Amino acid sequence: MVIIPAIDLIEGKCVRLYQGDFSKSTEVGSDPESQLAEFIRDGAELVHVVDLDGARSGESRQYQLIKKLCSQSTVPIEVGGGIRSMETVKLLVDAGASRLVLGTSAIENETFLKEALKQYGDKIVIGIDAKNGKVATRGWETVSDIDYIQFAKKMELYGAQTIVFTDISKDGTMTGPNITALQEISEAVSCSIVASGGIRDNTDIAALEKIGIQEAIVGKAIYDGKVRLKGAAK
């Protein structure tokens, strides 16, 4: 199991949201650069960075900071939030991002999605954020009528190799991941599924491994010391 620590950014600060609610944000950890260095010291193999301002606005708002984090990192950086044009994709790849998570744009702009997958292949990760089984977009503030399983199958047909699945109702709650939904999406497609949302301790990590999940994004549980990067899989 690869434990992927998350750095969620609002106005240059590390924050955590509760169930994706921007009005319920809490500043956590150190400044982003120090937090990244700490995660790497603790054994992170990959770090997940989200521009929450970009996710809401539809454009990369914290590009300079993310570029700096990529340049300082000795491990791969996965970036999400506000990536909705090929120009932004190229800028982030050139800045050193190893994987880019497309969420809103995967639903709203199929032409862009197909071009990104064609040009950058396995660097493109599809973010499926669901609320009551329906896909949410624009920083989770808009819920579509698209079923998350059907959307995953569509993304697989387009050539996606990796999907990050988040149950919004679980995110930031420390109540455990949605094992049922994760198992369903994992069985529905051949894509690699990355679990996100609600992970509270190493028992949850073991439960994810049991259903075949090999990567998990962990936020609050790491900041609270409930999950440790060193030896987390043990």
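Residues numbered from 1 in each chain as written. Predicted model: local features only at pLDDT ≥ 70, side-chain atom pairs only at ≥ 80, totals over all residues. Heavy atoms only, no water.

Q: Break down the nonpolar core for me, citing the residues and quoting the values.
A: Ranked by size, the top nonpolar core spans 66 residues in total, and within it I126 and I128 carry the most contacts. Setting aside residues no more than four positions away along its own chain, I126 makes contact with V101, L102, A106, L113, F151, M155, A160, T162, I163 and V164. Formed by eight residues, the second largest nonpolar core is a distinct cluster that contains A6, V101, V164 and V194. (Core = buried A, V, L, I, M, F, W, Y, C linked by side-chain atoms within 4.5 Å. Buried < 20%, exposed > 50% of the residue type's maximum accessible area, 1.4 Å probe, protein only. Contact = heavy atoms within 4.5 Å.)

Q: Describe the UniProt feature "active site" (unreviewed entry) in the chain, naming the residues involved and giving the relevant values.
A: The UniProt record annotates "active site" (unreviewed entry) at D8 and D129. For D129, the location among the structural elements is in strand 7 (residues 124-131). (UniProt positions renumbered as here; feature names shortened; annotations may be inferred. Helix = DSSP H or I, 4+ residues; strand = E, 2+ residues; numbered from the N terminus.)

Q: How would you sum up the side chain of D51? Please name residues and give values.
A: With respect to the helices and strands, D51 occurs in strand 4 (residues 47-51). Although buried, D51 forms no salt bridge, and the nearest oppositely charged side chain, R61, lies 7.1 Å from it. A distance of 2.9 Å separates a polar side-chain atom of D51 from the backbone nitrogen of Q62. Not counting residues within four places of it along the chain, the set of residues in contact with D51 comprises L9, E59, S60, R61, Q62, I66, G80 and G81. (Lys, Arg positive; Asp, Glu negative; His and termini not counted. Salt bridge = Lys/Arg side-chain N within 4 Å of Asp/Glu carboxyl O. Polar contact = N/O pair within 3.5 Å; in protein donor to acceptor, adjacent residues only side chain to side chain.)

Q: Help me get a handle on the pairing of strand 10 (residues 162-167), residues and values and all.
A: The buried count for strand 10 comes to six of six residues, which makes it a mostly enclosed element. Note that strand 7 and strand 10 share five bridges and pair parallel. Paired with G127 across the two strands is V164, which belongs to strand 10. The pairing of strand 10 with strand 11 (residues 192-196) spans five bridges and is parallel. What sits directly across from I163, in strand 11, is I193. A crossover connection joins strand 10 to the parallel strand 11 through helix 8 (residues 179-188); in handedness this β-α-β unit is right-handed. (Pairing = 2+ DSSP bridges. Right-handed = clockwise from strand over helix to strand, strands pointing away.)

Q: Give me helix 4 (residues 86-95): which residues, what numbers.
A: By the burial criterion, the buried members of helix 4 are T88, V89, L92, V93 and A95. Mapping the buried residues of helix 4 onto a view down its axis gives an arc of 160°, with all of them on the same face. Of the residues in helix 4, the exposed ones pointing more than 90 degrees away from the buried face are E87 and D94. Taken together, the buried residues of helix 4 touch helix 3 (63-72), strand 5 (77-80), strand 6 (99-102) and helix 6 (110-120). Positioned one or two residues after helix 4, G96 has a phi angle of 115°, which is positive. (Arc of directions from axis to C-beta.)

Q: For helix 9 (residues 202-210), give the residues involved together with the corresponding values.
A: Those residues of helix 9 that sit buried are D204, I205 and L208. All buried residues of helix 9 fall inside an arc of 105° around its axis, so they share one side. Residues of helix 9 that are exposed and angled more than 90 degrees away from the buried face: T203 and K210. In the core, the buried residues of helix 9 are packed alongside strand 1 (2-10), helix 8, strand 11 and strand 12 (215-218).

Q: Lay out the environment of L157 in plain terms, naming residues and giving numbers.
A: Structurally, L157 can be placed in helix 7 (residues 148-157). The class for L157 is exposed, based on a relative accessible area of 75%. Each C-alpha atom, one on L157 and one on G198, is 29 Å from the other, the two residues being 41 residues apart in sequence.

Q: An account of the pattern of salt bridges is requested, with residue identities and associated values reported.
A: Scanning the model with the defined rule gives seven salt bridges in all. The partner of E78 in a salt bridge is R99, and the shortest N-O contact between them spans 2.7 Å. In this pair, E78 sits in strand 5 while R99 sits in strand 6, placing the two residues 21 residues apart along the sequence. A relative accessible area of 14% means that R99 is categorised as buried. We note a salt bridge from K90 to D94, for which the minimum N-O separation is 2.7 Å. Within this pair, K90 and its partner D94 are both found in helix 4, separated by four residues, close to a single helical turn. Residue classification places K90 among the partly exposed residues on the basis of a relative accessible area of 44%.

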